[in-house]
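# Descriptive structure summary
Each chain, written out:
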Amino acid sequence: MSTLSIGLLYGGATLAVMFSGMPIAFALGAVAVVFMAVFMPAAALDTVTQNVYEEMASITLLSIPLFILKGAAIGRSRAGQDLYSAIHAWMYQIPGGLGIANVFACAVFAAMAGSSPATCSAIGSAGIPEMRKRGYSGGFAAGIIAAGGTLGILLPPSVTMILFAVAAEQSLGRLFLAGIGPGLLLVGLFTVYAVYRYRREYAAAKAAYDRAGTPHAILKREQLTMVERFSTLPRVLPFVILLTGVMVALYGGYATPSETAGLGGILALILIALIYRVWTPTDLGPILTATLREATMLMMIIGMSLLYSYVMSYLHLSQAAAQAIVALGLGKWLLLAAILLMVVVLGFFLPPVSIILMTAPIILPPLKAAGFDLVWFGVVMTIVMEMGLIHPPVGLNIFVIKNIAPDIPLKDVIYGTLPYVLLMALAVVILCFLPGIATWLPDLIMGTRS
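Owing to the predicted nature of the structure, the values given are computational and were not obtained by experimental measurement.

Definitions and cut-offs
- Within each chain, residues carry numbers counting from 1 in the order of the written sequence.
- With the structure being a predicted model, the display of local features is reserved for residues of pLDDT at least 70 and the display and counting of side-chain atom pairs for 80 or more, all residues being used for whole-chain, interface and lining totals.
- Excluded from the side-chain calculation are hydrogens and water; included are all heavy atoms of the structure.
- In DSSP terms, a helix is any run of H or I states spanning at least four residues, a strand is any run of E spanning at least two, and both are numbered starting from the N terminus.
- We compute the radius of gyration from the C-alpha atoms alone; for a globule the expected value is 2.2 Å times N to the 0.38, where N is the number of residues.
- When a residue's accessible area, from a 1.4 Å probe over protein chains only, is under 20% of the maximum for its type it is buried; when over 50% it is exposed; and in between it is partly exposed.
- Note on contacts: a residue pair qualifies if any of its non-hydrogen atoms lie within 4.5 Å across the two residues.
- For the accessible areas, the method is Shrake-Rupley and the probe is 1.4 Å, while residue cover comes only from the protein chains on display.
- Should a side-chain nitrogen of Lys or Arg be within 4 Å of a carboxyl oxygen of Asp or Glu, the pair is scored as a salt bridge.
- Every axis in this analysis is a line fitted to C-alpha atoms, fitted for helices over the stretch in contact. Angles between the N-to-C directions lie between 0 and 180 degrees.
- Orientation categories follow fixed angle ranges, with anything under 35 degrees roughly parallel, anything over 145 roughly antiparallel, 65 to 115 roughly perpendicular, and all other angles oblique.
- Note on convention: near helix rotated counterclockwise from far helix by under a right angle means a left-handed crossing. Clockwise means right-handed.
- Two N or O atoms count as a polar contact when they lie within 3.5 Å, although within protein this holds only if one can serve as hydrogen donor and the other as acceptor, and sequence-adjacent residues are included solely when both atoms are side-chain atoms.
- The span expected for a helix works out to 1.5 Å for each residue beyond the first.
- Residues qualify for a patch when their relative accessible area is over 30% and they have no salt bridge, like charges being joined within 9 Å and the nonpolar side chains of Val, Leu, Ile, Met, Phe, Trp and Tyr within 5 Å.
- By the convention adopted, Pro, Cys, Tyr, Trp, Phe, Met, Ile, Leu, Val and Ala count as nonpolar, Lys, Arg, Asp and Glu as charged, and the other residues, Gly among them, as polar.

On to the overall build of the chain, then. Each helix and strand in the chain was counted, giving 21 helices and 0 strands. In summary, the chain has a C-alpha radius of gyration of 23 Å against a globular reference of 22 Å for 450 residues, a match within 12%. The C-alpha extent of the chain, read off along each of the three principal axes, is 75 × 50 × 45 Å. Residues counted as buried form 51% of the 450 residues belonging to the chain. The long-range fraction of contacts in the chain, counting pairs at least 24 apart against all pairs at least 6 apart in sequence, stands at 77%. On the chain, roughly 19500 Å² of surface is accessible, and the fraction owed to carbon and sulfur atoms is 69%.

Right, dumping it as C-alpha coordinates:
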(Lines give C-alpha, C1' and ligand atoms only; values in the text may rest on other atoms or scores of the structure.)
Protein backbone atom coordinates (compact mmCIF):
# COMPACT_ATOMS: atom_id res chain seq x y z
CA MET A 1 0.00 0.00 0.00
CA SER A 2 1.36 3.43 -0.91
CA THR A 3 2.23 6.09 1.65
CA LEU A 4 -0.60 8.26 0.31
CA SER A 5 -3.14 5.47 0.77
CA ILE A 6 -1.93 4.76 4.30
CA GLY A 7 -2.01 8.47 5.11
CA LEU A 8 -5.59 8.88 3.86
CA LEU A 9 -6.62 5.78 5.77
CA TYR A 10 -4.88 7.08 8.90
CA GLY A 11 -6.60 10.46 8.70
CA GLY A 12 -9.98 8.96 7.85
CA ALA A 13 -9.80 6.48 10.72
CA THR A 14 -8.88 9.28 13.12
CA LEU A 15 -11.86 11.42 12.10
CA ALA A 16 -14.23 8.44 12.23
CA VAL A 17 -13.15 7.47 15.75
CA MET A 18 -13.30 11.06 17.02
CA PHE A 19 -16.76 11.65 15.59
CA SER A 20 -17.91 8.47 17.35
CA GLY A 21 -17.71 10.42 20.60
CA MET A 22 -14.70 8.61 22.04
CA PRO A 23 -12.50 10.87 24.23
CA ILE A 24 -9.67 12.43 22.23
CA ALA A 25 -6.86 10.71 24.14
CA PHE A 26 -8.31 7.22 23.66
CA ALA A 27 -9.26 7.95 20.05
CA LEU A 28 -5.69 8.91 19.13
CA GLY A 29 -4.22 6.03 21.09
CA ALA A 30 -6.59 3.46 19.58
CA VAL A 31 -5.87 4.56 16.00
CA ALA A 32 -2.13 4.56 16.66
CA VAL A 33 -2.13 1.06 18.19
CA VAL A 34 -4.28 -0.42 15.40
CA PHE A 35 -1.97 0.98 12.71
CA MET A 36 1.06 -0.24 14.63
CA ALA A 37 -0.45 -3.73 14.64
CA VAL A 38 -1.30 -3.67 10.93
CA PHE A 39 1.56 -1.76 9.31
CA MET A 40 4.50 -2.06 11.71
CA PRO A 41 6.54 -5.06 12.93
CA ALA A 42 4.82 -7.17 15.58
CA ALA A 43 7.51 -6.23 18.08
CA ALA A 44 6.39 -2.59 17.85
CA LEU A 45 3.36 -3.31 20.04
CA ASP A 46 5.69 -4.49 22.79
CA THR A 47 7.22 -1.02 22.92
CA VAL A 48 4.02 1.06 23.17
CA THR A 49 4.44 1.81 26.87
CA GLN A 50 8.16 2.44 26.43
CA ASN A 51 7.55 4.86 23.55
CA VAL A 52 4.89 6.79 25.47
CA TYR A 53 7.13 6.96 28.54
CA GLU A 54 10.18 8.13 26.58
CA GLU A 55 8.17 10.78 24.74
CA MET A 56 6.70 12.11 27.98
CA ALA A 57 9.91 11.86 30.04
CA SER A 58 10.53 15.57 29.55
CA ILE A 59 11.30 17.90 32.42
CA THR A 60 9.47 20.64 30.50
CA LEU A 61 6.20 18.68 30.56
CA LEU A 62 6.51 18.38 34.34
CA SER A 63 5.58 22.05 34.61
CA ILE A 64 2.09 21.46 33.17
CA PRO A 65 0.39 19.88 36.23
CA LEU A 66 2.15 22.40 38.48
CA PHE A 67 0.84 25.37 36.48
CA ILE A 68 -2.61 23.73 36.54
CA LEU A 69 -2.34 23.53 40.35
CA LYS A 70 -1.57 27.25 40.51
CA GLY A 71 -4.55 28.09 38.30
CA ALA A 72 -6.91 25.83 40.27
CA ALA A 73 -5.81 27.34 43.58
CA ILE A 74 -6.67 30.83 42.39
CA GLY A 75 -9.68 29.97 40.26
CA ARG A 76 -11.47 27.93 42.94
CA SER A 77 -11.09 30.49 45.70
CA ARG A 78 -12.36 34.07 46.00
CA ALA A 79 -9.07 35.32 44.56
CA GLY A 80 -10.44 35.72 41.01
CA GLN A 81 -13.44 37.74 42.17
CA ASP A 82 -11.29 40.01 44.34
CA LEU A 83 -8.95 40.67 41.43
CA TYR A 84 -11.89 41.57 39.21
CA SER A 85 -13.48 43.84 41.84
CA ALA A 86 -10.26 45.78 42.36
CA ILE A 87 -9.73 46.40 38.63
CA HIS A 88 -13.39 47.39 38.16
CA ALA A 89 -13.19 49.94 40.97
CA TRP A 90 -10.54 51.89 39.06
CA MET A 91 -11.94 51.58 35.55
CA TYR A 92 -15.71 51.79 35.90
CA GLN A 93 -15.87 55.49 34.93
CA ILE A 94 -14.30 54.90 31.50
CA PRO A 95 -16.87 54.35 28.71
CA GLY A 96 -17.17 50.58 28.60
CA GLY A 97 -14.97 50.48 31.68
CA LEU A 98 -16.64 47.40 33.07
CA GLY A 99 -15.90 45.51 29.85
CA ILE A 100 -12.32 46.83 29.87
CA ALA A 101 -11.97 45.77 33.50
CA ASN A 102 -12.94 42.25 32.48
CA VAL A 103 -10.30 42.22 29.72
CA PHE A 104 -7.58 43.35 32.14
CA ALA A 105 -8.76 40.93 34.82
CA CYS A 106 -8.62 38.09 32.28
CA ALA A 107 -5.12 39.16 31.21
CA VAL A 108 -3.79 39.27 34.78
CA PHE A 109 -5.49 36.02 35.73
CA ALA A 110 -4.26 34.35 32.55
CA ALA A 111 -0.70 35.32 33.44
CA MET A 112 -1.10 33.30 36.63
CA ALA A 113 -3.31 30.40 35.56
CA GLY A 114 -2.04 29.57 32.06
CA SER A 115 -5.42 28.06 31.18
CA SER A 116 -8.17 29.59 29.07
CA PRO A 117 -11.12 27.68 30.58
CA ALA A 118 -9.89 28.48 34.11
CA THR A 119 -9.60 32.18 33.24
CA CYS A 120 -13.04 32.17 31.62
CA SER A 121 -14.66 30.50 34.58
CA ALA A 122 -12.96 32.51 37.34
CA ILE A 123 -13.49 35.98 35.83
CA GLY A 124 -16.77 35.19 34.09
CA SER A 125 -18.51 33.98 37.24
CA ALA A 126 -18.04 37.44 38.74
CA GLY A 127 -17.86 39.63 35.62
CA ILE A 128 -20.89 38.47 33.63
CA PRO A 129 -23.46 39.03 36.41
CA GLU A 130 -21.99 42.49 37.10
CA MET A 131 -22.11 43.46 33.43
CA ARG A 132 -25.68 42.20 33.03
CA LYS A 133 -26.75 44.07 36.17
CA ARG A 134 -25.39 47.29 34.69
CA GLY A 135 -27.23 46.89 31.40
CA TYR A 136 -24.63 45.27 29.14
CA SER A 137 -26.24 42.90 26.62
CA GLY A 138 -25.79 39.16 27.11
CA GLY A 139 -23.80 38.83 23.90
CA PHE A 140 -21.45 41.66 24.85
CA ALA A 141 -20.86 40.27 28.36
CA ALA A 142 -20.36 36.70 27.15
CA GLY A 143 -18.19 37.63 24.17
CA ILE A 144 -15.70 39.75 26.07
CA ILE A 145 -15.21 37.14 28.80
CA ALA A 146 -14.86 34.29 26.27
CA ALA A 147 -12.33 36.31 24.27
CA GLY A 148 -10.47 37.52 27.35
CA GLY A 149 -10.21 33.93 28.52
CA THR A 150 -8.28 32.96 25.40
CA LEU A 151 -5.37 35.06 26.66
CA GLY A 152 -4.68 32.15 29.00
CA ILE A 153 -2.86 30.23 26.27
CA LEU A 154 -0.90 33.24 24.98
CA LEU A 155 0.34 35.12 28.03
CA PRO A 156 2.98 33.22 30.04
CA PRO A 157 2.85 30.75 31.65
CA SER A 158 0.96 29.01 28.85
CA VAL A 159 0.39 25.26 28.79
CA THR A 160 0.00 25.44 25.02
CA MET A 161 3.35 27.15 24.58
CA ILE A 162 5.00 24.53 26.79
CA LEU A 163 3.80 21.86 24.37
CA PHE A 164 4.87 23.86 21.33
CA ALA A 165 8.34 24.32 22.84
CA VAL A 166 8.62 20.55 23.25
CA ALA A 167 7.28 19.77 19.78
CA ALA A 168 9.36 22.43 18.00
CA GLU A 169 12.45 21.99 20.22
CA GLN A 170 12.50 25.71 20.93
CA SER A 171 13.43 27.64 24.07
CA LEU A 172 10.45 27.83 26.41
CA GLY A 173 11.79 31.05 27.91
CA ARG A 174 11.89 32.71 24.49
CA LEU A 175 8.37 31.51 23.70
CA PHE A 176 7.01 32.85 26.98
CA LEU A 177 8.63 36.23 26.36
CA ALA A 178 7.47 36.28 22.74
CA GLY A 179 3.84 35.90 23.87
CA ILE A 180 3.85 39.06 25.99
CA GLY A 181 3.88 41.65 23.17
CA PRO A 182 1.13 39.97 21.09
CA GLY A 183 -0.83 39.37 24.29
CA LEU A 184 -0.78 43.09 25.05
CA LEU A 185 -1.72 43.77 21.42
CA LEU A 186 -4.83 41.62 21.81
CA VAL A 187 -5.66 43.31 25.11
CA GLY A 188 -5.49 46.65 23.29
CA LEU A 189 -7.68 45.46 20.41
CA PHE A 190 -10.25 43.97 22.79
CA THR A 191 -10.27 47.19 24.81
CA VAL A 192 -10.89 49.36 21.76
CA TYR A 193 -13.76 47.13 20.67
CA ALA A 194 -15.23 47.14 24.19
CA VAL A 195 -15.38 50.95 24.12
CA TYR A 196 -16.94 50.91 20.64
CA ARG A 197 -19.53 48.28 21.57
CA TYR A 198 -20.40 50.07 24.80
CA ARG A 199 -20.96 53.37 22.99
CA ARG A 200 -23.30 51.63 20.54
CA GLU A 201 -25.35 50.01 23.30
CA TYR A 202 -25.40 53.21 25.34
CA ALA A 203 -26.55 55.24 22.31
CA ALA A 204 -29.32 52.75 21.57
CA ALA A 205 -30.51 52.84 25.19
CA LYS A 206 -30.36 56.65 25.26
CA ALA A 207 -32.37 56.88 22.03
CA ALA A 208 -35.02 54.52 23.45
CA TYR A 209 -35.19 56.61 26.61
CA ASP A 210 -35.50 59.90 24.72
CA ARG A 211 -38.14 58.43 22.41
CA ALA A 212 -40.35 56.54 24.83
CA GLY A 213 -38.95 57.17 28.29
CA THR A 214 -37.82 53.53 28.55
CA PRO A 215 -35.31 53.26 31.43
CA HIS A 216 -32.19 51.15 30.98
CA ALA A 217 -29.57 50.05 33.51
CA ILE A 218 -26.71 51.05 31.21
CA LEU A 219 -27.74 54.71 31.54
CA LYS A 220 -27.22 54.73 35.31
CA ARG A 221 -23.99 56.11 36.73
CA GLU A 222 -22.40 54.74 39.87
CA GLN A 223 -19.88 56.52 42.02
CA LEU A 224 -17.16 55.17 44.27
CA THR A 225 -15.26 57.39 46.67
CA MET A 226 -11.49 57.50 46.60
CA VAL A 227 -11.46 55.76 49.96
CA GLU A 228 -13.50 52.90 48.51
CA ARG A 229 -11.26 52.69 45.47
CA PHE A 230 -8.02 52.68 47.46
CA SER A 231 -9.49 50.06 49.79
CA THR A 232 -9.47 47.60 46.89
CA LEU A 233 -5.73 47.88 46.24
CA PRO A 234 -4.69 45.42 48.98
CA ARG A 235 -6.70 42.78 47.11
CA VAL A 236 -4.36 43.13 44.11
CA LEU A 237 -1.10 43.08 46.09
CA PRO A 238 -0.98 39.28 46.59
CA PHE A 239 -1.45 38.77 42.85
CA VAL A 240 1.35 41.21 42.12
CA ILE A 241 3.64 39.38 44.55
CA LEU A 242 2.76 36.01 43.02
CA LEU A 243 3.19 37.19 39.45
CA THR A 244 6.42 39.06 40.21
CA GLY A 245 7.91 36.14 42.09
CA VAL A 246 7.24 33.71 39.25
CA MET A 247 8.49 36.07 36.52
CA VAL A 248 11.67 37.03 38.40
CA ALA A 249 12.47 33.38 39.11
CA LEU A 250 11.94 32.37 35.48
CA TYR A 251 13.44 35.26 33.53
CA GLY A 252 16.08 36.13 36.10
CA GLY A 253 17.63 32.72 35.56
CA TYR A 254 17.04 31.61 39.15
CA ALA A 255 14.87 28.64 38.24
CA THR A 256 13.98 26.44 35.28
CA PRO A 257 10.40 26.54 33.91
CA SER A 258 9.53 23.39 35.85
CA GLU A 259 10.99 24.77 39.07
CA THR A 260 9.15 28.03 38.44
CA ALA A 261 5.89 26.12 38.01
CA GLY A 262 6.47 24.45 41.37
CA LEU A 263 7.25 27.83 42.95
CA GLY A 264 4.07 29.30 41.47
CA GLY A 265 1.96 26.42 42.78
CA ILE A 266 3.42 26.73 46.29
CA LEU A 267 3.00 30.54 46.34
CA ALA A 268 -0.62 30.22 45.16
CA LEU A 269 -1.41 27.71 47.93
CA ILE A 270 0.28 29.94 50.52
CA LEU A 271 -1.67 32.96 49.20
CA ILE A 272 -5.10 31.35 49.49
CA ALA A 273 -4.20 29.84 52.87
CA LEU A 274 -3.09 33.13 54.43
CA ILE A 275 -5.63 35.47 52.84
CA TYR A 276 -8.69 33.31 52.20
CA ARG A 277 -8.19 30.72 54.96
CA VAL A 278 -8.23 27.91 52.42
CA TRP A 279 -6.06 25.33 54.13
CA THR A 280 -8.25 22.58 55.62
CA PRO A 281 -8.61 19.25 53.80
CA THR A 282 -12.25 20.13 53.05
CA ASP A 283 -11.20 23.39 51.40
CA LEU A 284 -8.22 21.96 49.54
CA GLY A 285 -10.06 18.85 48.35
CA PRO A 286 -11.86 20.50 45.37
CA ILE A 287 -8.65 22.28 44.33
CA LEU A 288 -6.53 19.12 44.34
CA THR A 289 -9.30 17.07 42.72
CA ALA A 290 -9.70 19.61 39.90
CA THR A 291 -5.92 19.69 39.43
CA LEU A 292 -5.65 15.90 39.24
CA ARG A 293 -8.61 15.62 36.86
CA GLU A 294 -7.40 18.30 34.44
CA ALA A 295 -3.72 17.32 34.62
CA THR A 296 -4.52 13.63 34.07
CA MET A 297 -6.76 14.40 31.10
CA LEU A 298 -4.15 16.70 29.57
CA MET A 299 -1.23 14.34 30.12
CA MET A 300 -3.24 11.45 28.63
CA ILE A 301 -3.92 13.56 25.53
CA ILE A 302 -0.24 14.50 25.33
CA GLY A 303 0.94 10.91 25.71
CA MET A 304 -1.46 9.51 23.12
CA SER A 305 -0.79 12.42 20.74
CA LEU A 306 2.94 11.74 20.96
CA LEU A 307 2.32 8.05 20.24
CA TYR A 308 0.10 9.08 17.32
CA SER A 309 2.89 11.32 15.98
CA TYR A 310 5.45 8.54 16.47
CA VAL A 311 3.39 6.18 14.29
CA MET A 312 3.03 8.93 11.66
CA SER A 313 6.77 9.39 11.62
CA TYR A 314 7.55 5.65 11.49
CA LEU A 315 5.19 5.19 8.54
CA HIS A 316 6.76 8.26 6.88
CA LEU A 317 3.38 10.01 6.79
CA SER A 318 4.59 13.24 8.38
CA GLN A 319 7.73 13.33 6.21
CA ALA A 320 5.72 12.66 3.04
CA ALA A 321 3.17 15.33 3.97
CA ALA A 322 5.94 17.85 4.60
CA GLN A 323 7.59 17.00 1.28
CA ALA A 324 4.23 17.34 -0.49
CA ILE A 325 3.74 20.80 1.00
CA VAL A 326 7.23 21.85 -0.10
CA ALA A 327 6.66 20.36 -3.57
CA LEU A 328 3.67 22.65 -4.08
CA GLY A 329 6.19 25.43 -4.57
CA LEU A 330 4.10 27.93 -2.62
CA GLY A 331 5.61 31.29 -1.82
CA LYS A 332 6.69 31.94 1.75
CA TRP A 333 3.58 33.82 2.81
CA LEU A 334 1.18 31.67 0.82
CA LEU A 335 2.66 28.64 2.58
CA LEU A 336 2.05 30.31 5.95
CA ALA A 337 -1.53 31.23 4.97
CA ALA A 338 -2.27 27.64 3.87
CA ILE A 339 -0.91 26.19 7.12
CA LEU A 340 -2.79 28.67 9.31
CA LEU A 341 -5.99 27.96 7.38
CA MET A 342 -5.47 24.26 8.13
CA VAL A 343 -5.04 25.09 11.83
CA VAL A 344 -8.29 27.11 11.75
CA VAL A 345 -10.17 24.15 10.25
CA LEU A 346 -8.66 21.75 12.80
CA GLY A 347 -9.76 24.18 15.51
CA PHE A 348 -13.37 23.38 14.58
CA PHE A 349 -12.89 19.90 16.04
CA LEU A 350 -9.72 19.65 18.14
CA PRO A 351 -8.27 21.39 21.22
CA PRO A 352 -4.92 23.26 20.90
CA VAL A 353 -3.01 20.44 22.61
CA SER A 354 -3.93 17.90 19.96
CA ILE A 355 -3.44 20.35 17.09
CA ILE A 356 0.13 21.11 18.12
CA LEU A 357 1.23 17.55 18.73
CA MET A 358 -0.46 16.15 15.61
CA THR A 359 0.64 18.82 13.13
CA ALA A 360 4.08 19.85 14.38
CA PRO A 361 5.98 17.05 12.58
CA ILE A 362 4.26 18.03 9.31
CA ILE A 363 4.23 21.84 9.31
CA LEU A 364 7.42 22.82 11.12
CA PRO A 365 10.03 21.50 8.61
CA PRO A 366 8.55 23.41 5.61
CA LEU A 367 8.18 26.57 7.70
CA LYS A 368 11.77 26.33 8.90
CA ALA A 369 12.97 25.74 5.35
CA ALA A 370 11.02 28.81 4.22
CA GLY A 371 12.94 30.93 6.72
CA PHE A 372 10.28 31.51 9.39
CA ASP A 373 11.33 32.01 12.99
CA LEU A 374 9.65 29.10 14.79
CA VAL A 375 9.33 31.09 18.01
CA TRP A 376 7.44 33.81 16.10
CA PHE A 377 5.34 31.14 14.38
CA GLY A 378 4.56 29.55 17.75
CA VAL A 379 2.99 32.84 18.86
CA VAL A 380 1.03 33.23 15.60
CA MET A 381 -0.17 29.64 15.74
CA THR A 382 -1.24 30.14 19.36
CA ILE A 383 -3.39 33.14 18.38
CA VAL A 384 -4.99 31.13 15.57
CA MET A 385 -5.72 28.32 18.02
CA GLU A 386 -7.22 30.91 20.38
CA MET A 387 -9.73 31.59 17.63
CA GLY A 388 -10.70 27.92 17.82
CA LEU A 389 -11.58 28.35 21.50
CA ILE A 390 -14.33 30.87 20.69
CA HIS A 391 -15.71 29.82 17.34
CA PRO A 392 -18.23 27.02 16.81
CA PRO A 393 -18.79 24.14 16.62
CA VAL A 394 -16.34 23.14 19.38
CA GLY A 395 -15.34 26.46 20.91
CA LEU A 396 -14.46 25.34 24.44
CA ASN A 397 -14.81 28.81 25.98
CA ILE A 398 -18.29 29.16 24.48
CA PHE A 399 -19.46 26.16 26.49
CA VAL A 400 -17.66 27.38 29.63
CA ILE A 401 -19.57 30.67 29.33
CA LYS A 402 -22.84 28.84 28.68
CA ASN A 403 -22.23 26.81 31.83
CA ILE A 404 -21.66 29.84 34.09
CA ALA A 405 -24.34 32.01 32.40
CA PRO A 406 -27.12 29.59 31.35
CA ASP A 407 -29.62 32.46 30.97
CA ILE A 408 -27.73 33.82 27.93
CA PRO A 409 -28.90 32.03 24.72
CA LEU A 410 -26.17 30.08 22.96
CA LYS A 411 -26.86 32.08 19.79
CA ASP A 412 -26.08 35.33 21.64
CA VAL A 413 -22.87 33.86 23.07
CA ILE A 414 -21.68 32.80 19.61
CA TYR A 415 -22.55 36.13 17.96
CA GLY A 416 -20.89 37.92 20.87
CA THR A 417 -17.60 36.13 20.25
CA LEU A 418 -17.41 36.54 16.45
CA PRO A 419 -16.02 40.14 16.50
CA TYR A 420 -13.15 38.91 18.66
CA VAL A 421 -12.37 36.15 16.16
CA LEU A 422 -11.94 38.90 13.56
CA LEU A 423 -9.77 40.93 15.96
CA MET A 424 -7.50 37.91 16.44
CA ALA A 425 -7.22 37.51 12.68
CA LEU A 426 -6.28 41.20 12.51
CA ALA A 427 -3.62 40.60 15.18
CA VAL A 428 -2.13 37.81 13.05
CA VAL A 429 -1.95 40.15 10.04
CA ILE A 430 -0.29 42.83 12.19
CA LEU A 431 2.29 40.32 13.42
CA CYS A 432 3.08 39.33 9.84
CA PHE A 433 3.88 42.96 8.99
CA LEU A 434 5.45 43.76 12.36
CA PRO A 435 7.07 40.54 13.64
CA GLY A 436 9.14 42.56 16.08
CA ILE A 437 6.09 42.78 18.35
CA ALA A 438 6.77 39.16 19.25
CA THR A 439 10.57 39.00 18.91
CA TRP A 440 11.89 42.21 20.47
CA LEU A 441 11.43 41.16 24.11
CA PRO A 442 13.10 37.72 23.79
CA ASP A 443 15.97 39.33 21.87
CA LEU A 444 16.30 42.08 24.49
CA ILE A 445 16.31 39.82 27.52
CA MET A 446 17.79 36.57 26.22
CA GLY A 447 19.84 37.92 23.30
CA THR A 448 19.47 37.38 19.57
CA ARG A 449 20.03 33.97 18.07
CA SER A 450 23.49 33.11 16.92
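On to unusual backbone geometry, then. We note that glutamate 169 has phi near 55 degrees; this positive angle belongs to a residue other than glycine. Here glutamate 169 shows up in the loop between α9 (159-168) and α10 (172-212). A relative accessible area of 72% places glutamate 169 in the exposed class. If you check the backbone angles, arginine 277 has positive phi at about 55 degrees while not being a glycine. Locating arginine 277 in the fold gives a position in the loop between α13 (257-276) and α14 (281-314). Given the relative accessible area of 55%, arginine 277 is considered exposed.

Moving on: the pattern of salt bridges. Tallied over the entire structure, the rule returns 5 salt bridges. A salt bridge links lysine 206 to aspartate 210; the nearest nitrogen and oxygen atoms lie 3.2 Å apart. In this pair, lysine 206 and aspartate 210 both sit in helix α10, 4 residues apart, roughly one turn of the helix. Aspartate 210 gets classed as exposed once you look at its relative accessible area, which sits at 54%. With its nearest N and O atoms 3.4 Å apart, the salt bridge here joins lysine 411 to aspartate 412.

With that out of the way, let us pick up the packing of α10 against helix α21 (residues 436-446). Closest axis-to-axis distance for the α10/α21 pair is 7 Å, and the angle between their directions is 140 degrees. Here α21 runs oblique to α10, going by the angle between their axes. When you trace α10 past α21, the crossing you get is right-handed. Along its contact with α10, which presents Gly173, Arg174, Leu177, Ala178, Ile180, Gly181, Pro182 and Leu185, the element α21 presents Ile437, Ala438, Leu441, Pro442, Asp443, Ile445 and Met446.

Now for the side chain of threonine 191. Within the secondary structure layout, threonine 191 lies in helix α10. Residue threonine 191 is classed as buried on the basis of its relative accessible area of 16%. Of note is the side chain of threonine 191, whose polar atom sits 2.7 Å from the backbone oxygen of valine 187. Not counting chain neighbours up to four residues away, the residues in contact with threonine 191 comprise Ile100, Val103 and Phe104.

In this section: α14. With 34 residues, α14 should reach 50 Å at 1.5 Å per residue; the first-to-last C-alpha distance of 47 Å fits that figure. With its phi angle positive at about 65 degrees, histidine 316 sits one or two positions after the end of α14.

Another point: a nonpolar patch on the surface. There is a patch of nonpolar side chains on the surface, built from Trp90, Met226, Phe230 and Leu233 and spanning about 370 Å² of accessible area. Relative to the assigned elements, methionine 226 resides in helix α11 (residues 226-230).

Turning our attention to the packing of α10 against helix α20 (residues 410-433). Direction vectors running N to C along α10 and α20 enclose 135 degrees, while the axes themselves pass 10 Å from each other. Between α10 and α20, the angle is such that the two are oblique. Every pair of crossing elements has a handedness; the one defined by α10 and α20 is right-handed. Listed contacts from α20 to Pro182, Leu185, Leu186, Leu189, Phe190 and Tyr193 of α10 are Pro419, Tyr420, Leu423, Met424, Leu426, Ala427, Ile430 and Leu431. In terms of residue class, the contact of α10 with α20 is made up of 14 nonpolar, no polar and no charged.

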